[in-house]
Amino acid sequence: MNRQHLKNQLSTLALSMFRKDFFGIYHGSLSAKTESNRFVINTKEAVFDAIDENSLIELYFKKDYRWNQASIDSSIHFSIYSQISDAKFVSFTMPPFTTAYSLEHNIITPKDYFGFKELGSIEIVDPKQFENWYDRAQSEIAYYFQTNKTNIMVIRGYGVYAFNRDMHEMAKKLAILEKSCRLLMLDGSQRDFNFD
């Protein structure tokens, strides 16, 4: 596997997702599995519109000093890679319309064609207490993916975890999900102001 090419692909995807407001300046994570026991992930200091060689770090499944520089989401990515063989790329994003929609709903049922065809209905997972979410997230996220046979997890008020064998397919599904949630919110606000 050409690691430099992979890093360039991650950088391009990060910039695109940053422009769509899926990532904050220091908020989010993006990774790619490089071998059976290692993966590349952004560092905790990464700025997503300018991912470069210094913004990505390769981690072994066995924790060492490099884990201290990596994203706070590294343990969650590790858990997904180590338990789900189909996971070659993993992302944690906070798309604004999807996250906002998750605050008031329990399920996302797209009304647009592409959302309906590509995604179907998606359950919104309630993390319950935010106080200990990061302590539970590593095991709960991988467990959810395995038991629900899905590769997208929308977490109420937190964001979206996704994985895929293909980076572009993962990005496409996240973009369709965000567009569907935007349309659902616009449809809901239209009904709120309909005085007929």
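Residues numbered from 1 in each chain as written. Predicted model: local features only at pLDDT ≥ 70, side-chain atom pairs only at ≥ 80, totals over all residues. Heavy atoms only, no water.

Novice: I'd like a description of unusual backbone geometry, backed by residues and values.
Specialist: Even without a glycine there, the phi angle at Asp21 is positive, about 70 degrees. With respect to the helices and strands, the residue Asp21 is situated in the loop between α1 (3-19) and β1 (29-35). On the accessibility criterion, Asp21 (45% relative accessible area) is partly exposed. Despite not being glycine, Lys149 shows a phi value in the positive range, around 50 degrees. Mapped onto the elements, Lys149 comes out in the loop between α5 (133-148) and β7 (152-155). Note on Lys149: relative accessible area 74%, which makes it exposed. (Helix = DSSP H or I, 4+ residues; strand = E, 2+ residues; numbered from the N terminus. Buried < 20%, exposed > 50% of the residue type's maximum accessible area, 1.4 Å probe, protein only.)

Novice: A description of the nonpolar core should follow, citing residues and the corresponding values.
Specialist: Leu10, Ile108, Ile152, Val154 and Leu177 are the most contacted members of the largest nonpolar core, which has 32 residues in total. Taken together, the elements giving at least two residues each to this core come down to α1, β1, β6 (122-125), β7, β8 (159-164) and α6 (167-192). In this structure Leu177 touches Thr98, Ile108, Leu119, Ile122, Ile152, Val154 and Val160, once residues within four positions along its chain are discounted. The next biggest cluster of nonpolar side chains, apart from the first, holds 26 residues, and it includes Ile57, Tyr81, Val90 and Phe145. (Core = buried A, V, L, I, M, F, W, Y, C linked by side-chain atoms within 4.5 Å. Contact = heavy atoms within 4.5 Å.)

Any functional reading would require information that these geometric values do not contain.
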